[in-house]
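# Survey of secondary and tertiary structure
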Amino acid sequence: MARTRVFYEDWQTECCGRPFAVGDEAVRPPAAVDTRERPGECYGAEARGELHGDPGRPVTGRVRAIELVRQEYVVRADRRARERVDRALGPDTGSEGTVLLPSPYRWEAVPGAHTLRAADSCPRRFPSQEPGRGPGPHRVHRTVGALVTLETAAPE
């Protein structure tokens with residue numbers, strides 16, 4: 001048996017994932033991590049979980065451990081963009097239907113400022129701390145995904 005650590009980003013699981021727990025069988029197509037292209041983004045995993053990838057490349061294994069990854073961010077707000085959002089959400093918008101506006105926040109991950117918390121299962125939704133309304137900078141934490149140890153059959 002071989003063990004592989006796979007990082008599943010929060011949005012992948014929230015969009016198309018199915019909650020799973022330690023001991024479950026997992027069929028998830030991981031993609032290799034290119035550390036030159038995305039250094040440090042997968043928190044030490046050898047593979048990145050890709051729920052939108054090639055279903056012809058599934059890896060079947062048993063979930064042996066789950067660690068939720070909580071990342072610290074510095075968040076700055078653009079005051080003018082924040083005012084546009086407030087106007088769009090206000091009672092006198094004057095528009096019908098959906099209004100799409102860019103986020104008034106710029107999130108910057110603090111390098112090396114993350115923690116791992118052992119969990120029995122992977123949640124469907126991941127908790128996130130919202131930044132303050134002022135211009136900041138604000139320090140917030142966000143659970144960005146799950147680092148999963150899969151036990152798979154050794155390649156022949």
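Residues numbered from 1 in each chain as written. Predicted model: local features only at pLDDT ≥ 70, side-chain atom pairs only at ≥ 80, totals over all residues. Heavy atoms only, no water.

Counting residues in hydrophobic clusters, the biggest one holds 14 residues, and the most contacted among them are Phe20, Val63, Ile66, Val148 and Leu150. Mapped onto this core, the elements with two or more residues apiece are strand E1 (2–9), strand E5 (59–77) and strand E7 (138–152). In this view, Val63 contacts Phe20, Ala21, Val22, Gly23, Asp24, Ala26, Val148, Thr149 and Leu150; residues no more than four positions away in its chain are not counted. Formed by 12 residues, the second largest nonpolar core is a distinct cluster that contains Phe7, Val69, Val144 and Leu147. (Core = buried A, V, L, I, M, F, W, Y, C linked by side-chain atoms within 4.5 Å. Buried < 20%, exposed > 50% of the residue type's maximum accessible area, 1.4 Å probe, protein only. Helix = DSSP H or I, 4+ residues; strand = E, 2+ residues; numbered from the N terminus. Contact = heavy atoms within 4.5 Å.)

Attention now moves to the pairing of E7. For E7, the buried fraction is high: 12 of the 15 residues fall into the buried class. Across 8 bridges, E1 lies against E7 in antiparallel orientation. Residue pairing in the sheet places Glu9 in a bridge with Gly145 of E7. (Pairing = 2+ DSSP bridges.)

Per-residue confidence for the protein chain averages 79 on the pLDDT scale, and 77% of its residues sit at or above 70. Averaged pLDDT values for the elements of the protein chain fall to 65 in strand E3 (residues 30–32) and rise to 91 in strand E6 (residues 105–119). (pLDDT = per-residue confidence, 0-100.)

The next point concerns the pattern of salt bridges. One pass over the full model with this rule turns up 7 salt bridges. A salt bridge links Glu67 to Arg5, with the shortest nitrogen-to-oxygen separation between them at 2.7 Å. Pair noted here: Glu67 is in strand E5 and Arg5 is in strand E1, with a separation of 62 residues, a long-range link. For Glu67, a relative accessible area of 22% corresponds to the partly exposed category. Between Arg106 and Glu108 there is a salt bridge, with the nearest N and O atoms lying 3.0 Å from each other. Judged by its relative accessible area of 47%, Arg106 is partly exposed. Taken together, the shared-partner salt bridges in this structure form one network comprising Arg3, Arg64 and Glu151. (Salt bridge = Lys/Arg side-chain N within 4 Å of Asp/Glu carboxyl O.)

Attention now goes to the environment of Arg64. Looking at the element boundaries, Arg64 is found in strand E5. Arg64 sits in the partly exposed class, given a relative accessible area of 36%. For the pair formed by Arg64 and Val22, sequence separation is 42 residues and the distance between their alpha carbons is 5.5 Å. For Arg64, the contacting residues outside a window of four places in its chain are Arg3, Val22, Thr149 and Glu151. A distance of 3.1 Å separates a polar atom in the side chain of Arg64 from a polar atom in the side chain of Glu151. (Polar contact = N/O pair within 3.5 Å; in protein donor to acceptor, adjacent residues only side chain to side chain.)

Another point: the packing of aromatic side chains. One pass over the full model with this rule turns up 3 aromatic pairs. With a centroid separation of 5.4 Å and an interplanar angle of 80°, the aromatic rings of Tyr73 and Trp107 are classed as edge-to-face. Here Trp107 lies in strand E6 and Tyr73 lies in strand E5, a separation of 34 residues in the sequence. We classify Tyr73 as buried; its relative accessible area is 10%. (Phe/Tyr/Trp six-rings, centres within 6.5 Å; stacked < 30°, edge-to-face > 60°.)

To continue, consider the environment of Arg79. Considering the arrangement of structural elements, one finds Arg79 in helix H2 (residues 79–89). Arg79 sits in the exposed class, given a relative accessible area of 56%. Distance in space between the C-alpha atoms of Arg79 and Tyr105 is 9.2 Å, their sequence separation being 26 residues.

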